[in-house]
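The primary structure of each chain is shown beneath.
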Amino acid sequence: MKIQRADRHTGCSKPRIAMHDIHCCVPNCKTRPYAPAGTQSLCKDHFLNFLTWRRRRGPQMFHKYAAMTMEARDTIAAEWIKTIRIDEVPANAPKT
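So, how was this worked out
- Residues numbered from 1 in each chain as written.
- Predicted model: local features only at pLDDT ≥ 70, side-chain atom pairs only at ≥ 80, totals over all residues.
- Heavy atoms only, no water.
- pLDDT = per-residue confidence, 0-100.
- Contact = heavy atoms within 4.5 Å.
- Helix = DSSP H or I, 4+ residues; strand = E, 2+ residues; numbered from the N terminus.
- Buried < 20%, exposed > 50% of the residue type's maximum accessible area, 1.4 Å probe, protein only.
- Core = buried A, V, L, I, M, F, W, Y, C linked by side-chain atoms within 4.5 Å.

## Some words on the confidence of the model for the protein
Model confidence for the protein is summarised by a mean pLDDT of 76, while 67% of its residues fall at 70 or above. Across residues 1–5 the pLDDT falls below 50, and counting only partners more than four positions away or on other chains, this stretch makes 17 contacts in the model.

## A word on the side chain of H46
Within the fold, H46 resides in helix α1 (residues 44–56). The class of H46 is buried, set by a relative accessible area of 14%. In contact with H46, other than residues within four places in its own chain, are C24, V26, C29, W80 and I84.

## Describing the environment of G38
Its location among the elements puts G38 in the loop between β3 (35–37) and β4 (40–42). Here G38 falls in the buried class, since its relative accessible area comes to 7%. When the C-alpha positions of G38 and M70 are compared, they lie 4.8 Å apart, and in sequence the two are 32 residues distant. G38 has contacts with Y65, M70, R73 and D74, leaving out every residue within four places of it along the chain.

## Remarks on the nonpolar core
Counting 19 residues, the largest nonpolar core has C24, V26, L42, F50, Y65, I76 and W80 as the members making the most contacts within it. Contributions of two or more residues to this core are made by β3, α1, α2 (59–66) and α3 (70–82). When neighbours within four sequence positions are excluded, C24 is seen to be in contact with C29, T31, S41, L42, C43 and H46.

This is how it looks when you write it as structure tokens:
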């Protein structure tokens, strides 16, 4: 992950992360990020899968998740990643 300084013309000195260096946090997935999952990012397919998984856990999960800190959300995202089968072919792999 590469951290860059903001553009000179913005006057902002906060560091920012270059999005082109980030990929989906699911193992073996190199797709571009679509949405955050805690402090990490997910591609669109995995983000929709994550939402479905949270919805199946009940409506209280959405209320609870919205009130969590990013570190707490990382715990939930890590729990979800354990449910993904690693031997599945990544969404961006060429189909044969």
